[in-house]
Amino acid sequence: MIHVVFVGIGGAIGSVLRYTISLIPCRSTFPLLTLITNILGAILIGYITGLAIEKNLSQNTVLFLKTGLCGGFTTFSTFSLEAHNLLQNGNYTYAVIYILLSLAGSLIGVLCGMKLA
């Protein structure tokens, strides 16, 4: 049960950070702040993953940082890490399928959700 607490606290912090970035004044029809958030999240989850391996971080610390903080900040970071892992392990076909299905499925999901509403 303590794992859930670590994820929840990290998620709350990540969500607040994401919201804070969205408050930056930016006049553009291009979703620049979301793009920046997603790239920062990908950098952050990559750093945390490397740090977890190098420093042998505890499971609760990794859950707090990766699942909680990065997950609350952007789930795109998790997607990026998983796609990277597939590529790094030589699963190129699965990586391409995963990337294309994730992008297309998410876009179609947004459309379907809007239609349902």
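From a predicted model like this one, the values you see are computed outputs, not experimental measurements. Counting restarts for each chain, with residues numbered from 1 along the sequence as it is written. Thresholds applied to this predicted model are a pLDDT of at least 70 for local features of residues and 80 or more for the giving and counting of side-chain atom pairs; totals over whole chains, interfaces and linings are not thresholded and use all residues. Heavy atoms from the whole structure form the basis of all side-chain values; hydrogens and water molecules are not counted.

Draft legend 1. Here's a closer look at unusual backbone geometry. The residue Asn56 is not glycine, and still its phi comes out positive at about 50 degrees. We count a stretch as a helix when DSSP gives it H or I for four or more residues in a row; a strand needs E for two or more, and each element gets its number in order from the N terminus. Looking at the secondary structure, you find Asn56 in the loop between α2 (32-55) and α3 (59-73). Classification of Asn56 by relative accessible area gives exposed; the value is 66%. Categorising residues by exposure relies on relative accessible area from a 1.4 Å probe, with only protein chains included: less than 20% of the type maximum marks a residue as buried, more than 50% marks it as exposed, and the intermediate range marks it as partly exposed.

Draft legend 2. How the structure looks around the nonpolar core. The criterion is simple. A nonpolar core is a set of buried Ala, Val, Leu, Ile, Met, Phe, Trp, Tyr and Cys residues joined through side-chain atoms within 4.5 Å. If you look at the biggest cluster of nonpolar residues, it comprises 6 residues: Ile45, Ile48, Leu65, Leu69, Cys70 and Leu81. For this core, the secondary structure elements donating two or more residues are α2 and α3. By definition in these notes, contact holds between two residues if any of their heavy atoms fall within 4.5 Å. For Cys70, the contacting residues outside a window of four places in its chain are Gly41, Leu44, Ile45, Ile48, Leu65, Thr75 and Ser77.

Draft legend 3. Inspection of the confidence of the model for the chain at higher detail. Looking at any residue, its pLDDT shows the predictor's confidence there, from 0 to 100. Confidence along the chain averages 91 in pLDDT terms, with 100% of residues attaining 70 or more. Within the chain, no element has a lower average pLDDT than helix α5 (residues 92-116), which sits at 88, and none a higher one than helix α1 (residues 2-22), at 96.

Draft legend 4. Fine view of the packing of α2 against α3. For every element, the axis is a line fit to its C-alpha atoms; helices are fit only across the contacting stretch, and the angle between N-to-C directions ranges from 0 to 180 degrees. Put simply, α2 and α3 touch, their axes get as near as 10 Å, and they point 175 degrees apart. As judged from the angle between their axes, α2 and α3 are roughly antiparallel. On the side of α2, the interface is formed by Thr37, Leu40, Gly41, Leu44, Ile45, Ile48, Thr49 and Ala52, while α3 contributes Val62, Leu65, Lys66, Leu69, Cys70 and Phe73. Across the contact of α2 with α3, the residue classes break down as 10 nonpolar, 3 polar and 1 charged. Any angle that is under 35 degrees is reported as roughly parallel, and any over 145 degrees as roughly antiparallel; angles of 65 to 115 degrees are reported as roughly perpendicular and all others as oblique. The residue classification treats Ala, Val, Leu, Ile, Met, Phe, Trp, Tyr, Cys and Pro as nonpolar and Asp, Glu, Lys and Arg as charged. All others, Gly included, are polar.

Draft legend 5. Examining the packing of helix α4 (residues 76-88) against α5 more closely. Following both chains from N to C, one finds α4 and α5 inclined at 160 degrees, their axes separated by 7 Å at the closest point. It follows that α4 is roughly antiparallel to α5 by the angle criterion. You can see that α4 and α5 cross each other, and the crossing is left-handed. Contacts from Phe79, Glu82, Ala83, Leu86 and Leu87 in α4 reach Tyr92, Tyr94, Ala95, Tyr98, Ile99 and Ser102 in α5. Looking at the contact of α4 with α5 residue by residue, the classes come out as 9 nonpolar, 1 polar and 1 charged. A clockwise turn of the near helix away from the far one marks a right-handed crossing, whereas an anticlockwise turn of less than a right angle marks a left-handed crossing.

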